[in-house]
Amino acid sequence: MSGFNRRQMLLGGAAGVAAGAIPGRARSTPPKPTRLVIVRAGGGWDPTFCFEPRSTDACVDGPDLDLSADPNDEEYVKTIGGVEIQCNDYVHPTDESKSKRPNVTAFFEKWMSRTAIINGVWTGSIAHEPATIRMLTGTADTRNADFGAIVGSTYGNAMPLGYIDISGYSFTGPLASSSGQLGYKAQIRNLTDAVPTYVPPGSYVDLGIAYPLYLAPDPDKAAIQAYTRARTDRFRLLEGRGQGTNAVHVADLVASLDRAARFRGEAAEILTTLEVGRNPSLPSSAALAAELLHGNLCTSVLIDGRQPFDTHSGMPAQHGHYNGLFYGLSLLMDGLEAYDLVDSTMVVVVSEMTRTPKRNAEDGKDHWPHATVLAIGGGVAGGRKYGAYDCSLASLPVDLATGEAGPDLLKYDNLVAGILAGMGIDSEAWLPDVTPFTGFHA
Amino acid sequence: MVAGWTMGRWIPVWLAGLAACGQADEPDVGSPPDPPTDTQPAPDPIVVTLAPVDHLLRASMALRGIRPSVADLEAVLADSTALTPIVRGYAETPEFLETIKDLHAEMLLIRSDTQPILSSEGPLVGVNPGRIYASMNGAALKLVEHLVATNRPYTEVVTADLMMANGILAAAYGVPFDGLNEEDWVVSRWVDGRPQSGILSDTALWLRFTSNGNNFHRGRANILAGTFLCEEFATRDITTDTSVDLSDPYEVAHLVSTNANCIACHQALDPLAANLWGFKDDLVPTAVDQAYRVYDCEGEAQDYCYPIRFYNPKNEDRYGDWLLPAPAYYGTPVDSFEHLGHLIAEDERFHQCTTRRFFAYLTENRMDDVPFDTVVRFNELFEASGFSAKELAIQVVLSEEFKTIHAENGGPAIWAGLQSIRPEQYGRTLADLTGFVFLVDPGCDGGCFGTTDVANNDLNGYRTMMGGIDGYQTTRPTHTPIPTKVLAMSRFAEEAAGYVVPRDFDEVDPALRHLLTLVERDTTDEAAIRAQLVALHYRVFGEPLTAGDPEVDESYALWTYGFETSGSAEEAWKLLLAAFFQDVRMMFY
């Protein structure tokens, strides 16, 4: 341990940015959103299927290559709310896997006015994990927190958890103590439910072991917590234990004890929508995200789109992945709308990369370091595109303040800084010397 | 397209400087503020080191994942020079080998139970997927364990002319097996024409890191460089030349050897990748299902039936089909995969990377944070020991860095700080203290995974939620308390307490009990309770206290609360031990 880094030094001050401490803004400026949902569209989607309408030409292979003989299977460019989208609403009469992307059209017809399509974001990598790290943290270093964790720690201090990761892909860095995962198969429920449901293996049953072997009643849990807190307070007074990064770790324990107790108390009912032993689907994750935000259990959620966009072979699979993802996005937005949370919630849909312009010999496309990101809802000037691609789907330079053509490459760090700024967070505190991309701000 | 954009390609001027692998400047988020420039006297250095007993506990946890015995504590309390031989003894225990496997699981990211597992078909019908996973993904770790246990030079990790197999792998890979039971692990050999290069030859490693489309094993070569040499290519920002058709592998092959943006990485990466052409790109579990159920294991489907044919010597030279460079290792031509292993083994970068990894793992620091001077110093010891993994680990835990808990204005350049217990360590610690291993049967929804160790599993367990890694989505551990770790430790603690208390009381001979050696079910006498608490503080936390110590007062107060609310001394001990097992001194060591 070689001392604090700048991010850790900022931890103590980050909480102060929360409610009431946001720098003053003009009265006409709409309030910044304080809630965030990140949807991971992992693997690398192909923007020509939606955000960057293209037919096959010298530069690009487009989705038109996948047309069947059915006359209803039609690729077309539709202007929705003034924005051109590549559409194909074909629904196969008997085989859903052969349908195209009707859910994409349906989503934009309802939500285009609240959606910013940000094209041409340079990802800096063509490997999945490094690109994901960059697109979520704005840096190449997993020591740094992703923007979900930053939002969670900024606005979620009064909540049981700031940031809840339903996907498993978060980077929490120094903000780990305000973040939490729910488990690959919703194991969290066995930690929050009054009585856990896990069962012993047969060899244990033969020995007469039946779970739970001991279940401390709630008052006893409180007694244990009080005992642990008191011991922790004395522990931190021991030489060296309360200094430097050790102090941060001990503070993380204290915070985690408090958050864990509150989460167990407040989240149990909402988490009953999860089924222990089942990996949550996109629809259930989307519904849960809205519930978690509505229940004030957190301010930031990361969910997985559960669509394997990494189509190195078989590009036609992108149709189904788009269709599935946008079905889930519609459920998410409808859920937020039902709780009147659209204005206070920014939804960011991130694919860590895109795909090469042309198809390879296996009818697939490989990795491409120029990405498209969606920002939807609160704080977003929707109903338009920002940034752009060239003929070969390479990022074109932008004016970072407007999203129009300009002098700067729109990099992953500009994007993350822009998302933070769009949520009223001082991006300079987290990404020093990075110009935030603010063009899409309302 | 936005109106007004030029169609020409835009290549930013600043990217021109990135030709050397495109290493772009990252925002400086880790630099401390500049030091004051006035002439104030330098502050006095503050260096806090652990007392010998605390050092012993930390070394025991780091090397074994369990607490030191009371006898070891007594020995060091009486004479601090006893610490070194005791610690050396720890490196000879089975628990140290478990730590070695934990370390290498983090290195290879091979404990990835949330990912699809090859099917229970053919000779594996009736074998739980969990056992297939544990066998396949455990083989490389077993090999490292075997080499360390038998005091072989650590460099043999990438050169060993053997592999480890159990009965399940014998069926899955078709390798020789002479174990008595299916679960036995024995020394074996690959028999499919595959070169024998230690863990580099492991099937599960290259199933964890597959090769896609036209990637032609470059991703795998990046893993080799990053994992074994600490020189990952993919962490560097890259630029691509969009003037070429990257869907055409021949054009890419030309580009990576001629284009300035590409050449700096690919001139090393592609020849390294050329060493891996004997391995299949991938093997998706559904291919095994289909091979059995659709193709009846005939024709090309044979490759996907057990024994799996994951390596084919005939493919070793196929890089030439795509006009890619011949196998080499950073400029040195490579004759064979064995040769590659030996080149890595002889590479100073491999030695230093290993040293860096061991130091970082055992002190819970980031590998990148370990100063080069520190690496060099420990690497000299590592080399002088004949590349003994045990000696390297021992030297780390006996070092000043390891026993330094805090430093300001002086002291070592890097130190250990408070260590946060890892999930695997926590599982072992509770097992050692109580005899309880938290095993569950997750049932058969989605496939019968089989008995699951909750501390070392993510599919149905809590490893990542307790700060560990799942080898796939979460690839770096979290070394600080987090809410889900607190929740999971609470559950573990209660189960372990519920396990040990009645069993200890059922055991007539106190010497055979785990923890409650000084009291009986009906003991309520304060002096006896306090004596037991003193013993527990010593055994569980390494705290040498007296019966009148304020810490014992607090523990006695908790026990009394439990007794008064339940009316049962046994229930009070459950409550007390549940608290102990989630205590601050359990979370940190």
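Predicted, not measured: the structure shown is a model, and the values here were computed from it.

Draft legend 1. Spatial organisation of the pattern of salt bridges. Residues and elements named next belong to chain B. For the structure on display, the rule yields 68 salt bridges over all chains. Taking the shortest distance from any N to any O, the salt bridge between Glu231 and Arg349 comes out at 3.1 Å. Of this pair, Glu231 sits in the loop between helix 8 (218-229) and helix 9 (249-258) while Arg349 sits in helix 13 (residues 348-363), and the two are 118 residues apart along the sequence. Taking the relative accessible area as the measure of exposure, Glu231 reaches 29% and is therefore partly exposed.

Draft legend 2. Just the packing of aromatic side chains, in detail. Taken as a whole and judged by the stated rule, the model has 45 aromatic pairs over all chains. Clustering of aromatic rings is evident, with ring pairs tying together Trp45(A), Phe49(A), Phe51(A), Phe107(A), Phe108(A), Phe309(A), Tyr322(A) and Phe326(A). The ring of Trp190(B) has Arg194(B) lying over it, and the distance from NZ or CZ to the ring centre is 3.7 Å.

Draft legend 3. Representation of the pairing of strand 8 (residues 345-350) of chain A. Residues and elements named next belong to chain A. Extensive coverage of strand 8 is indicated by the burial of six of its six residues. Residues Thr345, Val347 and Val349 of strand 8 are buried on one face, and the alternating residues Met346, Val348 and Val350, pointing to the opposite face, are buried as well. Pairing analysis gives five bridges linking strand 8 to strand 11 (residues 370-377), with the strands arranged antiparallel. By the bridge assignment, Val347 is partnered in strand 11 with Ile376.

Draft legend 4. Region of the structure containing the state of the cysteines. Residue and element names in this part refer to chain B. By the definition in use, this model includes four disulfides over all chains. Between the sulfur atoms of Cys297 and its disulfide partner Cys305 the distance amounts to 1.9 Å. Handedness of the Cys297-Cys305 disulfide follows from its S-S torsion of about -90 degrees: it is left-handed. Two residues, Cys444 and Cys448, share a disulfide whose sulfurs are 1.9 Å apart. Of note, the bridge from Cys444 to Cys448 carries an S-S torsion of about 115 degrees and is right-handed in sense. Overall, Cys448 belongs to the partly exposed group, its relative accessible area being 28%. Cysteine Cys262 shares no disulfide, and the gap to the nearest cysteine sulfur, in Cys265, comes to 8.8 Å.

Draft legend 5. Molecular detail of the pairing of strand 4 (residues 115-122) of chain A. Residues and elements named next belong to chain A. Counting buried positions over the eight residues of strand 4 gives eight, a clear majority of the element. Here strand 4 pairs with strand 11 via six bridges, running antiparallel. Opposite Val121, over in strand 11, you have Ala371 as the bridge partner. Across three bridges, strand 4 lies against strand 12 (residues 384-386) in parallel orientation. Note that in strand 12 the partner of Ile117 across the bridge is Lys385.

Draft legend 6. Expanded view of the domain arrangement of chain A. All names here are of chain A. Examined at the domain level, chain A breaks down into domain 1 (29-193 + 268-430) and domain 2 (201-265). Between the C-alpha centres of domain 1 and domain 2 the distance comes to 36 Å. On the side of domain 2, seven residues touch domain 1, which itself brings 16 residues to the contact. Of the roughly 1,000 Å² buried where domain 1 meets domain 2, counting both sides, 52% is carbon and sulfur surface. Of all residues in domain 1, Pro160, Ser177 and Thr192 give up the largest surface area on contact with domain 2, accounting jointly for 47% of the area buried on that side.

Rules used throughout
Residues numbered from 1 in each chain as written. Chains lettered and ligands numbered in written order. Predicted model: local features only at pLDDT ≥ 70, side-chain atom pairs only at ≥ 80, totals over all residues. Heavy atoms only, no water. Salt bridge = Lys/Arg side-chain N within 4 Å of Asp/Glu carboxyl O. Helix = DSSP H or I, 4+ residues; strand = E, 2+ residues; numbered from the N terminus. Buried < 20%, exposed > 50% of the residue type's maximum accessible area, 1.4 Å probe, protein only. Phe/Tyr/Trp six-rings, centres within 6.5 Å; stacked < 30°, edge-to-face > 60°. Lys NZ or Arg CZ within 6 Å of the ring centre and 35° of its normal. Pairing = 2+ DSSP bridges. Disulfide = S-S within 2.5 Å. Domains from an automatic or database assignment. Contact = heavy atoms within 4.5 Å. Buried area = accessible area lost by both parts, 1.4 Å probe.

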